[in-house]
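Chain residues, written in single-letter form:
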Amino acid sequence: MSGAAQAFSGNLKKAVAGIRRINLEGLRWRVFDAKGQVLGRLASQISTVVQGKDKPTYTPNRDDGDMCIVLNAKDICVTGRKLTNKFYRWHTGYVGHLKERSLKDQMAKDPTEVIRKAVLRMLPRNKLRDDRDLKLRIFPGSEHPFGDKLLDPYVMPPRQVREMRPRARRAMIRAQKKAEQQEGGKITSKGKKRDEQAALTT
C-alpha cells in the first residue's frame, strides 16, 4: 500500500477514507474503465457489482458486494443533449436558495461526483446504502492508490444495437454517397446537364 500510495498524486486521505470500516475478507477488487462509456450503462453495471447481484450467493438483506474502482471518470460520455440539458438541483435551506448546476459544469468541477450520484440513485434506499457507497472508489484519471491489491478488470457487456429501420438506412446511404461525391469532386448528372446547357447557350 505504501508504494502505491507514493505513486498516487491525488488526495490520498479522501481516496482511502472509510476503508477500515469495510470487511475486505473474501471481496474482489473490480476495476471499471469509464473511458468512452455511456454514463447510465456504466452506472447500472457498477450498482449490480456493488450490491453483489452478480454472485449466486446474493441476499437482499446482506452486503456482499465487491469493491469497485472506477478510473478515467473525466472521459465519461452521455447521449443526446444531456450535457447541457441535465441539471443537478439542491436547496441550501434558506428561502429561495434553490441551486442548480448543469452536467457540463459538474464535469468541469468534479467528474467523480457525476458517476457517484448516478450509482447511488440506482441503489435501494435502505441501511446498506452507506456501506455500499464506501465500496465505491472513483478517480478522475487512471491513477489510484490500490495497486498492491489483486485487481480484477471488469469487461462491459456488448451493447445490443437494434437493427436500423429501412428509411433511416436509405437516408444514411444517401448521405454517405453525397459525402463521397463531395470529397471526390464528382459532378452529379443534374450538374452535368446544367453545364452542357450553359455551354450551348454561350
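Everything here concerns the structure above.
Reference entry: report on the structure contained in this document. The model shown is predicted, which means the values in this text are computed figures rather than measured ones.

A tally of helices and strands in the protein chain yields nine helices and six strands. Looking at the protein chain as a whole, 31% of its 202 residues are labelled buried. Relative to all contacts within the protein chain whose residues are 6 or more apart in sequence, the contacts with residues 24 or more apart total 69%. Carbon and sulfur atoms make up 50% of the accessible area of the protein chain, which totals about 14400 Å².

We now examine the packing of aromatic side chains. If you walk through the whole model with that rule in mind, you get three aromatic pairs. Here the aromatic rings of Trp-29 and Phe-146 are separated by 5.1 Å at their centres, their planes lie at 40°, and the arrangement is tilted. Taken together, the positions of Trp-29 in strand 1 (residues 29-33) and Phe-146 in the loop between strand 5 (136-138) and strand 6 (151-153) put the pair 117 residues apart, joining distant regions of the chain. Phe-146 carries the same exposure label as Trp-29, and that label is buried. These aromatic residues form a ring-pair network of at least three members: Trp-29, Phe-139 and Phe-146.

The next subject is unusual backbone geometry. Trans is the prevailing form of peptide bonds, just as negative phi is the prevailing case for residues other than glycine. For Asn-72, which is not glycine, the phi dihedral falls at a positive 55°. Structurally, the position occupied by Asn-72 is in the loop between strand 2 (67-71) and helix 4 (82-85).

Our next topic: the sheet that holds strand 6. Strands sit in the order 5-2-1-6 across an open sheet of four strands; the sheet is parallel. Since the sheet does not close on itself, it has two edges, and those belong to strand 5 and strand 6, each with one partner. Between one strand and the next, the sheet's axes are offset by a mean angle of 25°, whatever the strand orientation. Relative to strand 6, strand 1 runs parallel, the two sharing three bridges. When the bridges of strand 6 are listed, Arg-30 appears paired with Asp-152. Each of strand 1, strand 2 and strand 5 touches helix 3 (residues 39-51); the most contacted strand, strand 1, lies at about 175° to it.

In the sheet, strand 3 (residues 87-91) pairs with strand 4 (residues 98-102) via five bridges, with the strands oriented antiparallel. The residue of strand 4 that forms the bridge with Trp-90 is Lys-99. Where strand 3 folds back on strand 4, the antiparallel hairpin that results is connected by six residues, among which Gly-93 adopts a positive phi of roughly 105°.

On to the environment of Gly-18, then. For Gly-18, the location among the structural elements is in the loop between helix 2 (12-15) and strand 1. Among the residues examined, Gly-18 registers a relative accessible area of 21% and is labelled partly exposed. Filtering out sequence-adjacent residues up to four positions away, Gly-18 remains in contact with Leu-134 and Arg-137.

Now for the packing of helix 3 against helix 6 (residues 111-120). It is the contact of helix 3 with helix 6, at a shortest axis distance of 9 Å, that shows an interaxial angle of 60°. Comparing the axis directions of helix 3 and helix 6 gives the class oblique. Here helix 3 runs over helix 6; the crossing is right-handed. Facing Leu-39, Leu-42, Ala-43, Ile-46 and Ser-47 of helix 3, the residues of helix 6 in contact are Val-114, Ile-115, Ala-118 and Val-119. Residues that form the contact of helix 3 with helix 6 fall into these classes: eight nonpolar, one polar and no charged.

A separate point is the pattern of salt bridges. Under the counting rule described, the total for this entry stands at 12 salt bridges. Its salt-bridge partner being Asp-54, residue Arg-28 comes within 3.8 Å of it at the nearest N-O pair. Placement of the pair is Arg-28 in the loop between helix 2 and strand 1 and Asp-54 in the loop between helix 3 and strand 2, with a sequence separation of 26 residues. On the basis of relative accessibility, which here comes to 34%, the residue Asp-54 falls in the partly exposed class. Linking Asp-66 and Lys-55 is a salt bridge whose minimum nitrogen-to-oxygen distance equals 2.9 Å. Residue Asp-66 is found in the loop between helix 3 and strand 2, and its partner Lys-55 is found in the loop between helix 3 and strand 2; the two are separated by 11 residues along the sequence.

Parameters at a glance
- Residues numbered from 1 in each chain as written.
- Predicted model: local features only at pLDDT ≥ 70, side-chain atom pairs only at ≥ 80, totals over all residues.
- Heavy atoms only, no water.
- Helix = DSSP H or I, 4+ residues; strand = E, 2+ residues; numbered from the N terminus.
- Buried < 20%, exposed > 50% of the residue type's maximum accessible area, 1.4 Å probe, protein only.
- Contact = heavy atoms within 4.5 Å.
- Areas by Shrake-Rupley, 256 points an atom, 1.4 Å probe, with all protein chains shown as cover.
- Phe/Tyr/Trp six-rings, centres within 6.5 Å; stacked < 30°, edge-to-face > 60°.
- Pairing = 2+ DSSP bridges.
- Axes fitted to C-alpha atoms, helices over the stretch in contact; angles between N-to-C directions.
- Parallel < 35°, antiparallel > 145°, perpendicular 65-115°, else oblique.
- Left-handed = near helix turned anticlockwise from the far one by under 90°.
- Nonpolar A, V, L, I, M, F, W, Y, C, P; charged D, E, K, R; others polar.
- Salt bridge = Lys/Arg side-chain N within 4 Å of Asp/Glu carboxyl O.

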